[in-house]
Protein chains: 2
Amino acid sequence: MELQQFEGFTPVDGGVCAAKGFLANGVCCGLSHKALPGEEEKPKEDKPKKNDLAMIYAENPCSAAAVYTTNKVKGAPILVTKAHLENGMAQAVIVNSVNANTCNPDGVEKALKMCSLAAEGLKLQPSDIVVASTGVIGQVLPIEPIEQAIPALVEGLTSDGNNRAMEAIMTTDTRPKQLAVEFKIGDTVCRMGGMLKGSGMIHPNMATTLTFITTDAAIAPAMLQQALSDVVKQTLNRVSVDGDTSTNDMVCVMASGKAGNPTIKKNDANYETLKKALYIVMMNLARMMARDGEGATKLITCICTKAASEQTAETVAKSVITSSLFKTAMFGEDANWGRILCAIGYADAEFNINKVSVDIASAAGSIAVCREGVGVEFSEETAKTVLSEEEIEILISLNEGEAGAIAWGCDLTYDYVKINGDYRS
Amino acid sequence: MELQQFEGFTPVDGGVCAAKGFLANGVCCGLSHKALPGEEEKPKEDKPKKNDLAMIYAENPCSAAAVYTTNKVKGAPILVTKAHLENGMAQAVIVNSVNANTCNPDGVEKALKMCSLAAEGLKLQPSDIVVASTGVIGQVLPIEPIEQAIPALVEGLTSDGNNRAMEAIMTTDTRPKQLAVEFKIGDTVCRMGGMLKGSGMIHPNMATTLTFITTDAAIAPAMLQQALSDVVKQTLNRVSVDGDTSTNDMVCVMASGKAGNPTIKKNDANYETLKKALYIVMMNLARMMARDGEGATKLITCICTKAASEQTAETVAKSVITSSLFKTAMFGEDANWGRILCAIGYADAEFNINKVSVDIASAAGSIAVCREGVGVEFSEETAKTVLSEEEIEILISLNEGEAGAIAWGCDLTYDYVKINGDYRS
């Protein structure tokens, strides 16, 4: 799929290493070779060797901001990271996949240990470290493989290590999800890049995945937090794969200031530019995440316009992309628009259903399926052609106001059931 | 699956015909042979001949009560039935499957026409008729097949016609769902029976299906409405198959009074007895509906106890049975209890996650998987045996109070995707 681009923001390579002052690495420490309880320990050669431990390192202390899952069940790393970011500063990230370190009796202890191990290797304080985990909930995290891997993880940090780090945070993801853009704040060239993991247990509610973003722009921690909190609402919080809000979601942004722009300290034009860069990075990561939803064959973008408020537009758009019946119809490439109307109708928002119009569009064309809440005739042949594409847009107009919102989702397929029914993931 | 039984309420045959004074019938009027837009008209012999038009007739005017979908998109029959039940009385039901008569330009006109046709055939007033439709949304309902079938539909009304009527309201249902019980109000023997259709587009939010219930007990319309409104909250509103709240949901109860008990006019012991009968009928229909959820291989019952309030218990229990990740794990017979904790954690209710305990049980035994919010070791072998059963119970204790609630759901399987992805249903 192609990046959604904006004038003045040029895509560049490098992901989380694109901005000045950031190094990254990823290694296979062997967490994926550990046996599940009751399972025989498998010989290493029986499981594919995939990186499972990542590090991002900044050459100097960074302004840092984060948002977290709203699930009452919170992974232990979330609690530790929250404490470490209280001063708005961080200098490194350590993150493992395979095991979520959640609902464990010694979870916080292990998360703190990951921080102290990373700090020792990097010659930093443990409170400079952001820690995150993703994987199976409720299995004790073995710390030994992580401990043994720290020297190699630190040793291998490079300014082009983003791909190795990206691989290490993937779980059921089928493709890496990263990008970076270059833009100007005043006359200063800045960069921002990000990487994201997430494929299932994804539903709009604060963050919804593990995402790490780096920039070399200079910005005060409070302003960085404000930008992140605003942008997450319009990007990651508008994605749903399966309606399940994960226990370990986190988005973390670090700003090194190495680009050399005057530090952004208030809500001015420079702040708006940085916020737009953040929107572009997170919106594109959101689209990649939806497209790579577990088992997905299609990216579904639902655009709700002419709403009385952005909140109404968002509620309606999310309701449609979350509907299982709609999602299966998309998989079947069936223009069963009654299911779209049904999902609009049970959205928890106020509007006049008799004013609603719906169109379905893709690169292959578009069809009008509903006007003023009532079906209109359309060619099933054209509908089939439109729906045969991999990227589908559902265009809803409430015809009541001027506000709008976009939400992203995917189809519901046999493979979603297979991935989640066949083994403990 | 077996009926859940209660002392003093004896299961009897006859479904909606079990109570005195009710006749029923179902015929195939040919709606299922109609072509979809853009589809060639198929010769009748190419489609299985299934009843698609049902009638329930009471020999005398009945107290009547109903609850309806909360979806803003409402089927035209819902609007017409609401108007007809304003006086709390009804004498017959006409209902078709295949076509939902929803989002059509002439929907209300056609629903009114169904009532006037039924009234004419039965020598009643159109306002005595309850009308309902279920099937595809947004396709104009052809009235001619219904008009032509009315004489045979009326002619064939019998006191054992419940099976024919049951068949006529089925869509993707794989099995009939009906039952009746006999009980005493004072010294008077009474009966109550019901039938239900529903397999997909099912989510707790007022009614969630087409359900018709008949009783020969005598009760004032306002008391019948009160009993129905209360019981639906604890039964049908606690079932979820796929999270989609349908546009045409309706539960309608008719009470003929033919049993001869003194008419129930206030909240007394007799009222409580009738309400309990209604609970037994609707709770068992709710279980049958969940078990026959589209593609389901298992009935999942989630029982949340020791909650501070019934609302909290209900929210938690519903959250678990609605989770796609939990449902796929049940299909895979995988004791992935972290997904249960995750769904408990994002439930929109207040409680202390660190007090939560979870057990998984079935006829084959039970396993404790979580205590005080933390996983406990269990035998994967025992877990596999427990989960291999067709009826699974998830037992959640919040350890905070005395309230509880039960919710019913099913697993999420390949067949759900197949049923809803493969053709317009």
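Everything quoted here is computed from the prediction, not taken from an experiment.

**A few points about the overall build of chain A**
- A count of helices and strands for chain A gives eleven helices and 15 strands.
- Relative to the globule expectation of 22 Å for 425 residues, the C-alpha radius of gyration of chain A, 22 Å, shows essentially globular dimensions.
- C-alpha extents for chain A along the principal axes are approximately 65 × 60 × 35 Å.
- Here chain A holds 425 residues, and the buried ones make up 62% of them.
- In chain A, 82% of the contacts between residues at least 6 apart in sequence involve partners at least 24 apart.
- For chain A, the accessible surface area stands at approximately 15000 Å², while carbon and sulfur atoms represent 49% of it.

**Describing the confidence of the model for chain A**
Residues and elements named next belong to chain A.
- Confidence along chain A averages 90 in pLDDT terms, with 92% of residues attaining 70 or more.
- In this model residues 34-39 is a low-confidence stretch, pLDDT under 50, and it forms twelve contacts with partners more than four residues away in sequence or in other chains.
- For this predicted complex, the interface score ipTM comes out at 0.75, while the overall pTM is 0.80.

**With respect to a nonpolar patch on the surface**
All names here are of chain A.
- The grouping of Leu-79, Val-108 and Leu-112 at the surface amounts to a nonpolar patch, some 240 Å² of accessible area in total.
- Checked against the element boundaries, Leu-112 lands in helix 2 (residues 107-122).
- Its relative accessible area of 42% is what places Leu-112 among the partly exposed residues.

**Observations regarding the interface of chain A and chain B**
- Listed as interface residues are 56 residues of chain A and, on the opposing side, 56 residues of chain B.
- Summed over both sides, the interface between chain A and chain B buries roughly 4500 Å², with carbon and sulfur atoms accounting for 57% of that surface.
- Counting residues per element, the side of chain A that touches chain B draws most heavily on helix 11 (residues 414-422) of chain A, at seven residues.
- Here the side of chain A that touches chain B is composed, by residue class, of 24 nonpolar, 21 polar and eleven charged.

**What about the sheet that holds strand 10 (residues 299-307) of chain A?**
Residue and element names in this part refer to chain A.
- Strand order in the open sheet formed by six strands is 13-12-11-14-10-15, with mixed pairing between adjacent strands. Each edge of the open sheet is held by one strand with a lone partner, namely strand 13 (374-375) and strand 15 (403-410).
- Together, strand 10, strand 14 (391-397) and strand 15 form the strand contacts of helix 6 (residues 269-291), whose direction differs from that of strand 15 by roughly 40°.
- Helix 7 (residues 310-322) rests against strand 10, strand 14 and strand 15 of the sheet, and its axis sits at about 20° to strand 15.

**Some thoughts on the pattern of salt bridges**
- Enumeration according to the criterion identifies 30 salt bridges over all chains in this entry.
- Residue Lys-275 of chain A is joined to Asp-230 of chain A by a salt bridge in which the shortest nitrogen-to-oxygen separation is 3.1 Å. Of this pair, Lys-275 of chain A sits in helix 6 while Asp-230 of chain A sits in helix 5 (residues 221-234), and the two are 45 residues apart along the sequence.
- A salt bridge links Arg-191 of chain B to Glu-182 of chain B, with the nearest nitrogen and oxygen atoms 2.7 Å apart.
- Each member of the salt-bridge network shares a partner with another, and the members are Asp-173, Arg-175, Lys-177 and Asp-292 of chain A.

**Considerations on the packing of aromatic side chains**
- All told, the structure shown has seven aromatic pairs over all chains when counted by the stated rule.
- Relative to Tyr-279 of chain B, the ring of Phe-6 of chain B lies with its centre 6.4 Å away and its plane at 80°, an arrangement referred to as edge-to-face. Here Phe-6 of chain B is found in the segment before strand 1 (10-12), whereas its partner Tyr-279 of chain B is found in helix 6 (residues 269-291), with 273 residues between them in sequence.
- The partly exposed category is assigned to Phe-6 of chain B, whose relative accessible area is 27%.
- Following the ring pairs from residue to residue traces out a cluster consisting of Phe-331 and Tyr-414 of chain A together with Phe-331 and Tyr-414 of chain B.

**Things to note about the nonpolar core**
- Core analysis: the biggest nonpolar cluster contains 43 residues, and Ile-340, Leu-341, Ile-344, Val-358, Ile-360, Ile-394 and Ile-396 of chain A have the highest contact counts within it.
- In this view, Ile-340 of chain A contacts Val-320, Phe-326, Val-358, Ile-360 and Ile-394 of chain A; residues no more than four positions away in its chain are not counted.
- In terms of nonpolar packing, the next biggest core, distinct from the first, is built from 42 residues, Cys-302, Ile-321, Ala-343 and Ile-353 of chain B among them.

**Some remarks on the relation of the copies chain A and chain B**
- The transform that puts chain A on chain B rotates by 180° and translates by 0.0 Å along the axis, for an RMSD of 0.0 Å. The relationship between the two copies is best expressed as a two-fold rotation axis. In terms of C-alpha distance to the rotation axis, chain A has Tyr-414 of chain A as its closest residue, with the C-alpha 2.6 Å off the axis.
- Interface residue correspondence from chain A to chain B reaches 100%, placing this contact among same-surface, isologous pairings.

**Focus on helix 1 (residues 76-84) of chain A**
- Where helix 1 of chain A is concerned, the buried positions are Ala-76, Pro-77, Ile-78, Val-80, Thr-81 and His-84 of chain A.
- In this fold, the buried residues of helix 1 of chain A make contact with strand 3 (53-68), strand 4 (89-96), helix 2, strand 5 (129-133) and strand 9 (250-255) of chain A.

**Some words on the sheet that holds strand 13 (residues 374-375) of chain B**
Residues and elements named next belong to chain B.
- With respect to topology, six strands assemble into an open sheet ordered 13-12-11-14-10-15, the strand pairing being mixed. Looking at strand neighbours, the two that pair on one side only are strand 13 and strand 15 (403-410), the edges of this open sheet.
- With five bridges joining them, strand 11 (residues 357-362) and strand 12 (residues 365-371) adopt antiparallel strand pairing. Its bridge partner being in strand 12, Ala-361 is matched across the sheet by Ser-366.
- Where helix 7 (residues 310-322) meets the sheet, its contacts fall on strand 10 (299-307), strand 14 (391-397) and strand 15, and the angle it forms with strand 15 comes to roughly 20°.
- Its contacts with the sheet place helix 8 (residues 324-331) against strand 10, strand 14 and strand 15, and it is angled at close to 135° to strand 14.

Thresholds, definitions, all that
- Residues numbered from 1 in each chain as written.
- Chains lettered and ligands numbered in written order.
- Predicted model: local features only at pLDDT ≥ 70, side-chain atom pairs only at ≥ 80, totals over all residues.
- Heavy atoms only, no water.
- Helix = DSSP H or I, 4+ residues; strand = E, 2+ residues; numbered from the N terminus.
- Rg over C-alpha atoms; globule rule 2.2 N^0.38 Å.
- Buried < 20%, exposed > 50% of the residue type's maximum accessible area, 1.4 Å probe, protein only.
- Contact = heavy atoms within 4.5 Å.
- Areas by Shrake-Rupley, 256 points an atom, 1.4 Å probe, with all protein chains shown as cover.
- pLDDT = per-residue confidence, 0-100.
- Patch = residues over 30% accessible without salt bridge, like charges linked within 9 Å, V, L, I, M, F, W, Y side chains within 5 Å.
- Salt bridge = Lys/Arg side-chain N within 4 Å of Asp/Glu carboxyl O.
- Buried area = accessible area lost by both parts, 1.4 Å probe.
- Nonpolar A, V, L, I, M, F, W, Y, C, P; charged D, E, K, R; others polar.
- Pairing = 2+ DSSP bridges.
- Axes fitted to C-alpha atoms, helices over the stretch in contact; angles between N-to-C directions.
- Phe/Tyr/Trp six-rings, centres within 6.5 Å; stacked < 30°, edge-to-face > 60°.
- Core = buried A, V, L, I, M, F, W, Y, C linked by side-chain atoms within 4.5 Å.
- Least-squares fit on C-alpha atoms with pLDDT ≥ 70 in both.

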